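Working through the structure, step by step
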Amino acid sequence: MIPIWNRRELTTTWSMAQQTAITAALREAGLDYAVKTVDRTSPSAWNAGSRARGGTFGQPAEQQYEYVIYVRRADYTAARTAASLSEIR
């Protein structure tokens, strides 16, 4: 687990395949990571009625989930290298 004060956002993606490729590359490189999954169709805790009023009309189905990948601050450069290599494969 990476403490919230010791992490840095590596990337954000809407694609589960890309998220899987990046996290696999981080795992192969021996780097610790955390993934936060945000469901864009569920209401927000701060604005519970927003989804009920607006719905998801017009929102592409492939953008239902957003994946935010975090790494340790000290590992950020190595993680960027590993993540960029995963996109080449």
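Nothing here was measured: the structure is a model prediction, and the numbers come from that model. (Residues numbered from 1 in each chain as written. Predicted model: local features only at pLDDT ≥ 70, side-chain atom pairs only at ≥ 80, totals over all residues. Heavy atoms only, no water.)

**Concerning the nonpolar core**
- Grouped together as the largest cluster of nonpolar side chains are ten residues: Leu10, Ile22, Leu26, Leu31, Ile69, Val71, Tyr76, Ala79, Ala82 and Ala83.
- At the level of elements, helix H1 (16–28), strand S3 (65–72) and helix H3 (76–88) are the ones that each hand at least two residues to this core.
- Sort the elements by how many residues they give to this core and H3 lands first, with four residues.
- Residues contacting Ala83, with those up to four places away along its chain left out, are Leu10 and Ile22. (Core = buried A, V, L, I, M, F, W, Y, C linked by side-chain atoms within 4.5 Å. Buried < 20%, exposed > 50% of the residue type's maximum accessible area, 1.4 Å probe, protein only. Helix = DSSP H or I, 4+ residues; strand = E, 2+ residues; numbered from the N terminus. Contact = heavy atoms within 4.5 Å.)

**Remarks on the sheet that holds S3**
- With respect to topology, three strands assemble into an open sheet ordered S1-S3-S2, the strand pairing being antiparallel. Here the strands that pair on one side only, and so sit at the sheet edges, are strand S1 (7–13) and strand S2 (33–39). Looking at each pair of strands side by side, their axes are set apart by 25° on average, direction ignored.
- Judged from the seven bridges that link them, S2 and S3 form a sheet pairing that is antiparallel. (Pairing = 2+ DSSP bridges. Axes fitted to C-alpha atoms, helices over the stretch in contact; angles between N-to-C directions.)

**Notes on the environment of Trp14**
- Inspection of the secondary structure puts Trp14 in the loop between S1 and H1.
- When the C-alpha atoms of Trp14 and Val38 are compared, they prove to be 9.7 Å apart, with 24 residues separating the residues in sequence.

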